[in-house]
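Observations on chain architecture
If you want the building blocks of each chain, they are given just below.
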Amino acid sequence: GSSATLLSNTFDGNQKVNGTLEVTGALNADIKPLLNAQGVAPTYAVRAWLNFNGTGTVAVCGGGNIASVIDDGTGSYTINFITPMPNNNYAIAQMGSTYLGGGNASGMYITERTTSATSVSRTVSSFQVLALNAGNSGSDVLSGSLLVVC
């Protein structure tokens, strides 16, 4: 094989690399156009995502960076990461639905579980959620979805 060292280069237009591209040092690249993001606001990546069935035997239907979902009781779940978050100040976006019978699904909300009035159960390795129905009671999730951004 052959190799080449580029000390400095500016590319205009489309570029293609066949094989492996290794970058050492800083790579300053604007990826926003690749993500269809516009404007000057920062872009943040989803660090973990999950779609799960929370009824009966809990099952992960799809996800990224999710090691497991543990059923802690009716409507209560612990979500464990494969790779820990860099800190426990991440944001969690969540939603869920439950089946009411007769072909109807009901929206429900999933809230982060707290350990006291001033503390949440979140760590860099896991967090807990509680699914609540319209009556504000714990309810197993037919379909739950979560996104973690940090």
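This text follows the structure it describes.
Residues numbered from 1 in each chain as written. Predicted model: local features only at pLDDT ≥ 70, side-chain atom pairs only at ≥ 80, totals over all residues. Heavy atoms only, no water.

Attention now goes to the pairing of strand β4 (residues 76-81). Where burial is concerned, most of β4 is hidden: six out of the six residues are buried. Covered by surrounding structure in β4 are S76, T78 and N80 together with Y77, I79 and F81, the residues of both alternating faces. Here strand β3 (residues 66-73) runs beside β4; their pairing, made up of six bridges, is antiparallel. Looking across to β4, one finds that S68 is bridged to N80. Linkage of β3 to β4, two consecutive antiparallel strands, is achieved through a turn of two residues, within which G75 is found at a positive phi near 75 degrees. (Buried < 20%, exposed > 50% of the residue type's maximum accessible area, 1.4 Å probe, protein only. Helix = DSSP H or I, 4+ residues; strand = E, 2+ residues; numbered from the N terminus. Pairing = 2+ DSSP bridges.)

So, about the packing of aromatic side chains. Where two aromatic rings form a pair, the distance of their centres and the angle of their planes describe that pair. Applying the stated criterion across every chain, the model contains four aromatic pairs. Both rings, one in F52 and one in Y77, keep their centres 5.1 Å apart while their planes meet at 70 degrees; by these two values the pair is edge-to-face. Taken as a pair, F52 in strand β1 (residues 46-53) and Y77 in strand β4 lie far apart in primary sequence, 25 residues in all. Just as F52 is buried, Y77 falls in that class too. Judged by centre distance (5.6 Å) and plane angle (85 degrees), the ring pair of F81 and Y90 falls under edge-to-face. Owing to a relative accessible area of 7%, F81 belongs among the buried residues under this scheme. (Phe/Tyr/Trp six-rings, centres within 6.5 Å; stacked < 30°, edge-to-face > 60°.)

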